[in-house]
Amino acid sequence: MSYIIKGDTGDWEVVIGLEVHAQVISAAKLFSGASTSFGADPNANVAFVDAAMPGMLPVINETCVEQAVRTGLGLKAKINRRSVFARKNYFYADLPQGYQISQFDQPIVGEGTIVLDMPDGSSRSVGIERLHLEQDAGKSIHDIHPTKSFIDLNRAGVALMEIVSKPDMRSPDEAGAYLKKLRSILRYLGTCDGNMEEGNMRCDANVSVRPVGSNELRTRCEIKNVNSVRFVMQAIEYEAKRHIDVYENGGKIDQETRLYDSAKGETRTMRSKEFAHDYRYFPDPDLLPLEFDEAFVDAIRVKLPELPDEKKDRFMKEYGLSSYDAGVLVAEKENADFFEKVAKLSGDGKLANNWVSNNLFSVLNAKNLTIDQSPISAENLARLIALIKNNTISGRLAKDVFEIMLESGHDPEKIVEERGMKQITDTGAIEKAVDDLLAANPDKVAQIKAGKEALIGWFVGQVMKATQGKANPAMCQELLKKKLAQ
Amino acid sequence: MTDLTRFTIAQAREHLRKKDFTALELTDAYIKAIEGHRDLNAYIVETPDLARERAKESDYRIKTGDAKYLEGIPLGIKDLFCTEGVQTTAGSQILKGFVPQYESTVSQRLRDAGSVMLGKLNLDEFAMGSSNKTSFYGNVKNPWKAKGKNDDLAPGGSSGGSAAAVSAHIAAAATGTDTGGSIRQPAAFCGIVGVKPTYGRCSRWGIVAFASSLDQAGPMTRTVRDAAIMLNAMVGHDPKDSTSSPLPMGDMEAALGKGVKGLKIGIPKEYRPDGLNAEVNALWDKGAAWLKAAGAEVVDISLPHTKYALPTYYIVAPAEASSNLARYDGVRYGLRVPGNSLDEMYAKTRAAGFGAEVKRRILIGTYVLSAGYYDAYYLKAQKVRALIAQDFEQAFQKVDAILTPTAPTAAFGLNDKITDPVAMYLNDVFTVPASLAGIPGSSVPAGLNSDGLPLGLQVLTKRWDEETLFRVSQVLEDAAQFPSLKG
């Protein structure tokens with residue numbers, strides 16, 4: 001499903017590379033002991049070094065290093081046992097040091113790979129160029145006072161992982177799938193919350209276009225700080241069309257930094273090349289090169305959780321799920337865990353998938369709830385499936401029970417018991433209902449005998465109605481056939 | 001009563017222990033001496049009340065038998081060390097009125113050892129200078145005068161306030177910092193002892209940064225023994241400074257008196273350029289002769305990359321400084337000159353807050369790190385720096401210590417018009433190589449020139465070998481019989 005943009009001069013394809021800034025899950029900042037907790041009062045989480053007080057020095061937080069290595073392993077990437085922190089120099093009011101401590105030519109993690117699962121069931125590999133650790137800046141607030149700006153340094157110095165992809169994506173959909181997959185991996189690893197709306201995962205998109213069939217890399221534009229997967233996809237679509245327009249009108253694209261305006265659905269220039277910063281990177285003399293041994297990496301490796309790709313394979317193998325179904329389940333670890341609990345307790349993976357992926361997810365989506373907020377526990381859903389499997393209730397009744405469970409959160413066994421919803425398997429009771437119906441509808445009996453067998457279904461429906469749905473439908477059918485044949 | 005300020009630390013400590021006088025009496029003597037020497041402009045801030053308070057605490061501990069290592073010793077602290085509750089300016093207008101809420105690790109260690117802080121000592125702005133003329137708070141005067149003249153002389157720099165205070169007996173000792181010679185050169189100009197330990201010995205935490213890969217704190221004292229005592233109290237691993245070494249140093253006081261018998265002393269030929277001041281040259285020979293007389297073997301050595309040290313230093317140090325000084329932006333502390341935009345506020349604040357020499361180095365540093373110049377300047381300088389360090393490593397395979405002059409001249413006049421900054425930079429030509437290599441160095445007052453002004457000799461040893469540094473320094477001191485200003 002290649003993404004081709006038809007232009008006036010021919011077909012074009014888009015070349016996309018993404019830079020993701022992922023906030024590291026860690027109690028303290030990258031180089032200070034200040035807390036990273038969200039929602040504190042402005043400037044409450046600021047150590048002297050975060051405010052760049054004179055003479056203050058950074059000291060690396062080992063947890064952040066472990067998290068970066070863990071992420072690198074999750075991205076099947078090369079771990080660099082020696083990396084170097086460098087200063088990226090620029091002035092801004094929310095950058096107290098006048099430089100950001102980052103990594104430049106010697107990052108902690110090198111090349112890796114992410115496998116994308118596309119909606120059509122195909123998969124695609126996207127290369128990771130590098131991952132490096134760096135400090136976040138503070139926050140400037142310009143809308144409190146007409147002429148003054150306010151600075152909140154709570155975020156200043158919080159650890160970020162900048163994860164840079166290779167220019168391997170060819171459509172907005174692939175860019176979207178990449179972000180979702182990356183977020184999924186980060187969450188599985190517990191190294192980033194991956195919440196783009198809250199800003200703990202941010203994305204810059206590098207976009208260029210080229211005629212289909214060409215291998216050149218044309219001038220790219222960088223769209224900065226887009227804050228949702230949807231906006232990233234929209235921004236890429238817009239930007240690609242803009243490039244094609246420019247080229248087809250004989251113009252040329254300038255390398256520049258652009259912003260996406262989600263209200264207008266367009267990108268616009270933020271900083272042209274002439275005003276590009278010269279960051280004057282150089283190794284930070286306050287920090288020694290970051291070095292660790294293979295044992296440090298191994299200790300992290302042995303504790304890696306099962307990641308989405310492996311879990312998907314296992315779900316397909318262990319529970320007989322399709323690639324698509326397994327892919328949907330593993331995208332969020334919590335969903336996968338919920339499913340697996342239901343599958344294990346009920347002993348039926350396929351039914352578990354039906355109830356979780358179809359019934360439960362559609363309700364949760366409609367109510368905008370996460371799996372953690374599900375009104376039905378995994379244990380109760382497994383019990384419901386068990387009731388279906390042991391013929392206590394029919395599939396139809398099960399849906400009613402499911403609805404009651406949604407409302408009440410109660411145990412399905414209790415619901416069935418209390419409301420007398422047990423399937424009637426007592427032949428006598430069903431037989432009486434059948435006899436009554438046959439007696440009351442001699443015309444229809446005659447029609448069936450004349451060959452209009454479809455009417456048997458009408459009788460089954462009537463029996464179910466008469467028993468408030470509790471009759472075992474298979475048993476009804478069987479009885480009816482027997483009586484009509486007499 | 002005898003003038004208590006004439007005692008060395010070692011002597012004063014003994015007298016305090018024997019209760020010949022109290023810490024408060026000693027401190028009061030220094031406070032009075034400071035008042036009498038305000039013309040030197042050595043102190044930016046005097047803290048007599050704080051000093052008396054701490055002296056009383058010392059007396060209490062002496063009384064209860066809890067006296068610590070430097071109990072009751074009155075010290076001056078270079079105003080580059082952040083001191084809790086006491087203004088810290090780095091000699092710059094941009095930090096005028098800045099009062100830290102924290103104490104630098106080194107000054108905290110000295111405080112924990114029972115010493116008494118007399119005040120904050122003047123320095124070249126952000127430690128950039130060799131004369132103390134770049135201080136926003138006015139230049140310091142050297143307590144020494146040329147024979148028969150009354151012209152004011154430069155104390156050297158950047159630790160000029162520290163050197164002048166120790167020399168004039170208005171501090172028993174002082175802290176200094178040395179980036180390219182800022183302890184050793186002023187020590188030589190003022191006739192005192194200055195020691196720059198191995199890079200990584202003293203924590204840099206809480207010291208206003210000039211060039212992080214070079215900055216190192218050290219003691220400035222009247223005797224080699226006092227330097228050993230001070231350094232013992234100043235060093236130690238600090239987890240708050242990633243470049244601070246976990247290697248323990250050992251007791252330097254105990255190293256004294258071991259002599260130099262059997263040691264090999266190197267004389268580097270590159271330190272004897274054509275036109276080297278004849279008196280400096282002669283003193284250097286004399287120093288070598290003293291060591292030989294004390295049983296050392298003196299050999300000629302070569303440090304072939306010496307001539308590249310100064311240009312290398314004037315790329316590396318400004319590069320780091322340009323970045324280190326970016327934080328002085330008027331946003332959070334210190335001087336702010338308002339503007340109509342953020343950029344205008346930055347420009348006005350930094351234009352007003354920094355002096356000419358600091359601006360020059362920020363510009364040089366920004367230039368050498370810029371795209372297109374980085375490889376030719378900064379990267380090249382780092383490679384040369386490695387070669388200079390390698391020169392020393394190879395030399396120390398043959399010798400135990402190196403002897404050189406500390407500075408090419410004695411103190412120059414404060415009114416001498418030095419308009420060429422490079423001429424000023426040449427003051428550090430002998431001290432800069434050791435800074436680039438991170439090795440320890442000392443300056444020991446070794447004699448007077450024909451004008452009656454002090455000249456210093458520099459001792460260098462390999463990394464972490466302060467012990468040899470002190471052994472050699474003490475032999476030089478014993479031989480020189482250098483006259484203190486107070487006899």
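Each chain has its residues counted from 1, running along the sequence as written. Think of it this way: whatever chain is written first is A, whatever ligand is written first is 1, and the rest follow in order. In view of the model being predicted, local features appear only for residues whose pLDDT reaches at least 70, and side-chain atom pairs are presented and counted only at 80 or more, with totals across whole chains, interfaces and linings using the full set of residues.

**Remarks on the interface of chain B and chain A**
Thinking step 1. Tallying the contact residues gives 33 residues for chain B and 24 residues for chain A.
Thinking step 2. Class assignment of the residues belonging to the side of chain B that touches chain A gives a composition of 16 nonpolar, ten polar and seven charged. Our contact criterion uses C-beta atoms placed from the backbone: two residues qualify when those atoms are within 7 Å. Throughout this entry, Asp, Glu, Lys and Arg are counted as charged residues, while Ala, Val, Leu, Ile, Met, Phe, Trp, Tyr, Cys and Pro are counted as nonpolar. The remaining residues, Gly among them, count as polar.

**Things to note about unusual backbone geometry**
Leaving glycine aside, a negative phi is the common case for residues, and trans is the common case for peptide bonds.
Thinking step 1. Residue S158 of chain B is reached from G157 of chain B by a cis peptide bond, and omega for that bond is 10°.
Thinking step 2. Tracing the sequence through the fold places S158 of chain B in the loop between β3 (116-121) and α5 (160-167).
Thinking step 3. With a phi close to 55°, A52 of chain A is a non-glycine residue in the positive phi region.
Thinking step 4. Helix and strand definitions here come from DSSP, where helices need a minimum of 4 consecutive H or I residues and strands a minimum of 2 consecutive E residues; each element is numbered from the N-terminal end. Structurally, the position occupied by A52 of chain A is in the loop between β2 (11-23) and α1 (62-74).
Thinking step 5. Working definition of burial: number of other C-beta atoms within 10 Å of the residue's own, with buried at 20 or more, exposed at 12 or fewer, and partly exposed in between, all C-beta atoms being placed from the backbone. By C-beta crowding, A52 of chain A is classed as buried, having 23 other C-beta atoms within 10 Å.
Thinking step 6. At Q481 of chain B, a residue that is not glycine, the phi angle is positive and equals roughly 50°.
Thinking step 7. By the secondary structure assignment, Q481 of chain B is in the segment after α16 (466-480).

**Describing the sheet that holds strand β4 (residues 85-89) of chain A**
Residue and element names in this part refer to chain A.
Thinking step 1. Any two strands are treated as partners once DSSP identifies two or more bridges connecting them. On the basis of which strands lie adjacent, the open sheet formed by three strands has the order β5-β4-β15 and antiparallel pairing. One side of each edge strand has no neighbouring strand; the edge strands of this open sheet are β5 (99-103) and β15 (282-283).
Thinking step 2. In terms of strand pairing, β4 meets β5 through five bridges, oriented antiparallel. Its bridge partner being in β5, K88 is matched across the sheet by Q100.

**As for α16 of chain B**
All names here are of chain B.
Thinking step 1. Multiplying 1.5 Å by the residue count of a helix minus one yields the expected span of that helix. Counted at 1.5 Å a residue, the expected span for α16 with its 15 residues is 21 Å, and the 21 Å between its end C-alpha atoms agrees.
Thinking step 2. The buried count for α16 comes to twelve of 15 residues, which makes it a mostly enclosed element.
Thinking step 3. Buried within α16 are the following residues: E466, T468, L469, F470, R471, V472, S473, Q474, V475, L476, E477 and A480.
Thinking step 4. Residues of α16 that are buried in the fold lie against α7 (224-234), α8 (252-255), α9 (278-293), β9 (401-405), β10 (441-448) and β11 (454-460).
Thinking step 5. Looking one or two residues beyond α16, the residue adopting positive phi is Q481, at roughly 50°.

**Overview of the packing of helix α12 (residues 427-440) of chain A against helix α14 (residues 455-466) of chain A**
Residues and elements named next belong to chain A.
Thinking step 1. Helix axes are fitted only over the stretch in contact, all axes being lines through C-alpha atoms; the angle between N-to-C directions runs from 0 to 180 degrees. Taken N-terminus to C-terminus, the directions of α12 and α14 make an angle of 120°; their axes are 10 Å apart at the nearest point. By the angle between their axes, α12 is oblique relative to α14. Once α12 is placed against α14, the crossing between them reads as right-handed. Where α12 approaches α14, its residues I430, A433, V434 and L437 are matched on the opposing element by F459, Q462, V463 and A466.
Thinking step 2. Here the residues of the contact of α12 with α14 are counted per class, giving seven nonpolar, one polar and no charged. For this classification, under 35 degrees means roughly parallel, over 145 means roughly antiparallel, 65 to 115 means roughly perpendicular, and everything else is oblique. Should the near helix be turned anticlockwise from the far one by less than a right angle, the crossing is termed left-handed; should it be turned clockwise, right-handed.

**Section: the nonpolar core**
Thinking step 1. Take the buried Ala, Val, Leu, Ile, Met, Phe, Trp, Tyr and Cys residues, join any whose C-beta atoms are within 7 Å, and the set you get is a nonpolar core. Core analysis: the largest hydrophobic core is formed by 223 residues, its most contacted members being A175, Y178, A205 and I236 of chain A together with L75, A171 and A401 of chain B.
Thinking step 2. Counting residues per element, this core draws most heavily on helix α2 (residues 172-189) of chain A, at nine residues.
Thinking step 3. Apart from the residues within four sequence positions on either side, A205 of chain A is in contact with I16, L18, A175, I223, V226, V232, A235 and I236 of chain A.

**Quick look at the domain arrangement of chain A**
Residue and element names in this part refer to chain A.
Thinking step 1. Domain annotation for chain A reports domain 1 (5-300), domain 2 (308-418) and domain 3 (427-485).
Thinking step 2. Domain limits in this description derive from either an automatic procedure or a database domain assignment. Put simply, the middle of domain 1 and the middle of domain 2, counted by C-alpha atoms, are 37 Å apart.
Thinking step 3. At the junction of the two partners, domain 1 supplies eight residues and domain 2 supplies eight residues.
Thinking step 4. Contributing elements (two or more residues each) for the side of domain 1 that touches domain 2: β6 (112-117) and α2.
Thinking step 5. Ranked by the residues each element gives to the side of domain 1 that touches domain 2, the list is headed by α2, at five residues.
Thinking step 6. When grouped by side-chain class, the residues that make up the side of domain 1 that touches domain 2 number three nonpolar, two polar and three charged.

**A word on helix α1 (residues 9-17) of chain B**
Side chains three or four residues apart in an α-helix point the same way, a direct result of the helix having 3.6 residues per turn.
Residues and elements named next belong to chain B.
Thinking step 1. When we look at burial in α1, the residues that qualify are I9, A12, R13 and L16. The buried residues of α1 occupy an angular sector of 100° when projected down its axis, which confines them to one face.
Thinking step 2. Packing partners of the buried residues in α1 comprise α2 (23-36), α3 (48-63), β4 (173-178), β6 (216-221) and α7.
Thinking step 3. Immediately beyond the C-terminal end of α1, within one or two residues, lies K19, with a positive phi of roughly 60°. Along the arc lie the directions from the helix axis toward the C-beta atoms.

**A short note on the packing of α2 of chain B against α3 of chain B**
Two measures define how a pair of helices packs: the angle their axes make with one another and the distance between the axes.
Residue and element names in this part refer to chain B.
Thinking step 1. Relative to each other, α2 and α3 sit at 155°, their axes nearing to 7 Å. Between α2 and α3, the interaxial angle falls into the category roughly antiparallel. Crossing angle aside, the handedness with which α2 passes α3 is right-handed. Residues A23, L24, T27 and I31 of α2 lie in contact with α3, whose contacting residues are P48, A51, R52, A55, K56, S58, D59 and I62.
Thinking step 2. Partitioned by chemical class, the residues of the contact of α2 with α3 number seven nonpolar, two polar and three charged.

**Considering the sheet that holds strand β2 (residues 74-78) of chain B**
Residues and elements named next belong to chain B.
Thinking step 1. With mixed pairing, the eleven strands of this open sheet are ordered in space as β1-β3-β2-β4-β6-β5-β10-β11-β9-β7-β8. If you trace the sheet from one side to the other, it starts and ends with β1 (43-46) and β8 (297-301), each paired once. Adjacent strand axes in the sheet meet at a mean angle of 30° when their direction is disregarded.
Thinking step 2. In this sheet, β3 lies alongside β1 in antiparallel orientation, the contact comprising three bridges. Bridging across to β3, V45 finds its partner in K120.
Thinking step 3. Packed on one face of the sheet, α3 meets β1, β2 and β3 and runs near 155° to β3.
Thinking step 4. Along the sheet, α16 contacts β9, β10 and β11; its crossing angle with β10, the most-contacted strand, is approximately 5°.

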